[in-house]
Amino acid sequence: MIERAARFLIVEGVVQGVGFRPFVYRLATRYGLAGWVRNAGTGVEALVEGGNVQIDAFLAALVAAPPPLASITDVRVAEEPAADIHTFAIVASRSSAGIQPIPADVALCSDCRRELDDPADRRYRYPLINCTNCGPRYSIVNAMPYDRAHTAMQTFDMCTACRAEYVDPLSRRFHAEPIACHECGPQLEVVERNGRQSGEAALARARRLLTNGAIVALKGVGGYHLACDARNSDAVERLRRWKRRGEKPLAIMVRDHTELLHVARVNDAELRLMESSAHPIVLVEQHSRSSVAGAINPGSSTIGVMFAYTGLHRLLIGAESDVPAPAALVMTSANRSAEPTITSDELALRTLVDIADAVLMHDRAIVTRVDDSVSQIIDGVEAPLRRARGYAPLPMKLPFPVRPLLACGADMKSTFCLATGTQVVLSSYVGDLENYDVHCEYSTMIERLCTLWRIEPEVVCHDLHPGYWSRRFAERAYPDLRRLAIQHHHAHVASCMAEHGLNGSVIGIAFDGTGYGDDGRVWGGEFLVADYAAYERAAHFDYVPMYGGELAIRETWRMALAYLRAAEIEWDERLAPVRVPGPAQRQVVAVQAGAHFTAPLTSSVGRLFDAVASLLDLRHVVTYDAQAAIELEALADAGACAPYDFLIAEGEPWRVDVRPTIRAIVDDRDRGTSAATIAARFHATLVAIIVHVCSRLRTERGLNDVVLTGGVFQNRKLASSAARALASRHFAVYRHRAVPANDGGISYGQAAIASARLRSALG
Ligand code: ZN
Ligand code: ZN
Ligand code: FE
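Given the structure is predicted, the values throughout are model-derived calculations rather than measurements.

Asker: Lay out the packing of helix α20 (residues 659-670) against helix α21 (residues 675-701) in plain terms, naming residues and giving numbers.
Answerer: For the pair α20 and α21, the least separation of the axes is 10 Å and the interaxial angle reads 165°. With respect to each other, α20 and α21 are oriented roughly antiparallel. The interaxial crossing formed by α20 with α21 has right-handed handedness. Contacts between α20 and α21 involve T661, I665, D668 and R669 from the first element and A675, I678, R681, F682 and T685 from the second.

Asker: Residue-level account of empty space enclosed by the protein, with values.
Answerer: Scanning the model with the defined rule gives 2 cavities of 30 Å³ or more in all. Each pocket or cavity is described by its volume, and for the largest cavity that value is around 150 Å³. The wall of the largest cavity is formed by 18 residues, among which P127, V221, T310, G311 and R364 lie closest to the centre. Per-class residue counts for the lining of the largest cavity are 10 nonpolar, 6 polar and 2 charged.

Asker: Any details on the nonpolar core? Residues and values, ideally.
Answerer: Ranked by size, the top nonpolar core spans 72 residues in total, and within it I509, F527, F541 and L564 carry the most contacts. Counting residues per element, this core draws most heavily on α21, at 12 residues. By size, the runner-up hydrophobic cluster in this structure holds 68 residues, among which are A70, F156, L203 and A214.

Asker: Tell me about the pairing of strand β14 (residues 328-333), and please be specific about residues and values.
Answerer: Most of β14 sits out of view: 5 of its 6 residues are buried. Note: strand β9 (residues 224-229) against β14, 5 bridges, orientation antiparallel. Looking across to β14, one finds that C228 is bridged to V330. As paired elements, strand β10 (residues 251-254) and β14 share 3 bridges and run antiparallel to each other. Within β14, the position partnered with M253 by the bridge is L329.

Asker: Mind laying out the coordination of the zinc ion (ligand 2), listing which residues take part and the relevant values?
Answerer: Geometry sets the ideal angles at a metal, namely 109.5 degrees for four tetrahedral donors and 90 or 180 degrees for six octahedral donors. Bound to the zinc ion (ligand 2) are the protein donor atoms C159 (SG), C162 (SG), C181 (SG) and C184 (SG), situated 2.2 to 2.3 Å from the metal. One can describe the site at the zinc ion (ligand 2) as tetrahedral: its 4 donor atoms subtend angles covering 104 to 115° at the metal. Coordination of the zinc ion (ligand 2) draws on donor residues from a single chain, spaced C-x2-C-x18-C-x2-C in sequence. Of this pair, C159 sits in the loop between α3 (110-117) and α4 (160-167) while C181 is found in the loop between α4 and β6 (188-192), placing the two residues 22 residues apart along the sequence.

Asker: Give me the coordination of the iron ion (ligand 3): which residues, what numbers.
Answerer: Coordination of the iron ion (ligand 3) by the protein is provided by H488 (NE2), H492 (NE2), D512 (OD) and D743 (OD), with metal-donor distances spanning 2.1 to 2.3 Å. The coordination sphere of the iron ion (ligand 3) comprises 4 donor atoms, whose angles at the metal cover 87 to 170°; the geometry is irregular. Of note, the iron ion (ligand 3) draws all its donor residues from one chain, in the sequence arrangement H-x3-H-x19-D-x230-D. Within this pair, whereas H492 is found in helix α13 (residues 488-499), its partner D512 is found in strand β22 (residues 506-516), the two being separated by 20 residues in sequence. Neither residue differs from the other here; H492 and D512 are each classed as buried.

Asker: Pulling in residues and values, what's your account of the pattern of salt bridges?
Answerer: If you walk through the whole model with that rule in mind, you get 45 salt bridges. Note that E555 and R558 form a salt bridge whose closest N and O atoms lie 2.7 Å from each other. For E555, a relative accessible area of 11% gives the class buried. For R558, a relative accessible area of 5% translates into the label buried. The salt bridge involving R696 is made with E700; its shortest N-O contact spans 3.7 Å.

Asker: Help me get a handle on the domain arrangement of the chain, residues and values and all.
Answerer: Size of an interface, as often reported, equals the accessible area lost when the parts are brought together. Parsing the chain into structural domains produces domain 1 (4-90), domain 2 (188-362), domain 3 (387-503 + 745-761) and domain 4 (508-737). If you average the C-alpha positions of domain 1 and of domain 3, the two centres end up 36 Å apart.

Asker: Report on the sheet that holds strand β19 (residues 417-426), specifying residues and quantitative values.
Answerer: What links the strands of a sheet is backbone hydrogen bonding, and the strands pair in either a parallel or an antiparallel sense. Ordered by their spatial adjacency, 4 strands build an open sheet running β19-β18-β20-β21, and the pairing between neighbours is mixed. Each having just a single partner strand, β19 and β21 (482-486) make up the two edges of the open sheet. Recorded for the sheet is a direction-independent mean angle of 60° between the axes of neighbouring strands. Bridging between strand β18 (residues 395-407) and β19 involves 7 bridges; their strand directions are antiparallel. Counted as the bridge partner of L405 is A419 from β19. Those strands touched by helix α12 (residues 469-477) are β20 (459-463) and β21, and its axis lies near 155° from that of β20.

What counts, and where the lines are drawn
- Residues numbered from 1 in each chain as written.
- Chains lettered and ligands numbered in written order.
- Predicted model: local features only at pLDDT ≥ 70, side-chain atom pairs only at ≥ 80, totals over all residues.
- Heavy atoms only, no water.
- Axes fitted to C-alpha atoms, helices over the stretch in contact; angles between N-to-C directions.
- Helix = DSSP H or I, 4+ residues; strand = E, 2+ residues; numbered from the N terminus.
- Parallel < 35°, antiparallel > 145°, perpendicular 65-115°, else oblique.
- Left-handed = near helix turned anticlockwise from the far one by under 90°.
- Contact = heavy atoms within 4.5 Å.
- 1 Å grid on protein atoms, 1.4 Å probe; cavity = no way out; pocket = protein on both sides within 12 Å on 5 of 7 lines; lining within 4 Å.
- Points joined across faces, edges and corners; volume = space filled by probe spheres on them.
- Nonpolar A, V, L, I, M, F, W, Y, C, P; charged D, E, K, R; others polar.
- Core = buried A, V, L, I, M, F, W, Y, C linked by side-chain atoms within 4.5 Å.
- Buried < 20%, exposed > 50% of the residue type's maximum accessible area, 1.4 Å probe, protein only.
- Pairing = 2+ DSSP bridges.
- Donors = N, O, S within 2.8 Å, 3.2 Å for Na, K, Ca; no water.
- Tetrahedral: all angles 85-135°; square planar, octahedral: opposite > 155°, others 65-115°.
- Salt bridge = Lys/Arg side-chain N within 4 Å of Asp/Glu carboxyl O.
- Domains from an automatic or database assignment.

This is the structure we're talking about:
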């Protein structure tokens, strides 16, 4: 007789709400093991009993091929005396006060896609099809643990067939909380001014409307979208006008690979990202012969594309129907610029009526707004731009354990963080904190995430900027808590360090548009020598005035005039930024440039990009954040180019003096050098500056780790060539791959810094 052994195991990581228990059940059964499995605290516990060989094989398989959405961080195994049991069971959860990860929304899986297309399946063409491996999660949950009773599905009673699947450990819908079908689940409806239709008729109607150039409002996972045919210029322009978002690019959803390749050039890494469980919008190179409307992304060489991520999207855009539909749809959040995305049916019907010809909705409520995530691939690695659907609020790590903490983030592209121990969750993208509705949503989202995660902050951190709404919120909402003010660019650097688990000091290069400096000036071209607890400003781009203050962010010619004056180049009418404003406005600026006015000073590399775009007559007024820089990157020649001259002014800190660069650009223009070459040489100059400053810091400080962060490093050309140049000089280079390089990553950096400061305060 084979001697029986038993082992007890604890599996940690993302193992709840991802089909882990049925997976363990099936695996144990396959190896003829007895025992049990259950959810407990932060992980899954199991007891297995049987032959030693079988137990070893079971453990190897457990680690080797977990369910697609699971991610195991630790498995602990202990010997147990065998108890002579002979069955395997999934047993009741052991509740615990521990922190449970909140699952993120998951795109339609391949099994569900197959059922959706299978006429023999009982969920054939059911738009809200889902299973243990896919479907809504964070967007529908209002309390933890993540059980159906705590989701927007609580009002739907399961039919007999669904219940049978729900309770069957061998079904792939065992404990799939949002389980639903034609019989028992939410239903589709299309609402128009003069009537409504439901089910298949609603779908057919929506497809026909889209084909005919209409705009359809559509209820997605975490909010409403506005959709129209991406090849219909009139519809796209109508949509853009209503959104009031200037020339900011719109994203599109494509039917399939074939359609994708009609629109864009896509590499393997980009395709994998588009097909990942999050299905984000991915920025890719657009074909010059792509036939989508130019109004989708004027002036940009890239386009944001995604695949259908729910059954509803697939039924709306798919080829399998008698009613034709466009193969590419503009899919943009249903809100006007600066307002939050609409999530309520009532609001959608009330406010979208003036833009949408129809509203396609269903009766599953959206509990928490979650926007589409936006990402890109740089040098084969993901570089997120907006972290929301599919990513948030999955947990990440902090360098040091903390008491329960809230980090309030920045005011633009706002996110916040909650942390306890070394666990941290980064909220999904909230938006720009400049509108009352966004303010309300920001505080509601904090409250809800605190409830879900069952934590009450004891410490709150915020940006140093005295005028930030998020800072005033922290002061007003938590008057009695300990507060930490954290410098913006230090937070950028710390966020990238924490992502990579770096320790010790690094050279942190933070290039962005705006961040409040500890000297009260507008920083944004910073070389910090930093660890988590502290930073020293080792070098920065030399200050130039922002004529007209905030106006200089929108009107790039103002920055060009400031750089021309700094470089002692006369404001001559042959120069585009001098010509554009006209004599009257130029006179106003000339007065501001005089001795009696003090314009705010900035070291921002974002503003330097603006100035160069204006000098090249490329862009004098921007209609969305970073537009000039995006267009300058798109314009730049792909080949290698010689950098322009620059100077490093000694002192503490060193100052990067780009006046020689500005003079050389003006000379190149005079000589008739193409704007594409000048743009490329400007990029090369920034790389040369980075290499120069880093090399000096290595010699003087012995530092070899370089962190590239800040919104400017969303520029692929710059990020990629700077990393390559540094790596070839044997620097270890770190870029963002989990949180955005832009201000969406600030709250995570604040939390990392707070964890270090509070620790050193204790020690
Ligand atoms: Zn599925
Ligand atoms: Zn059902
Ligand atoms: Fe920033």
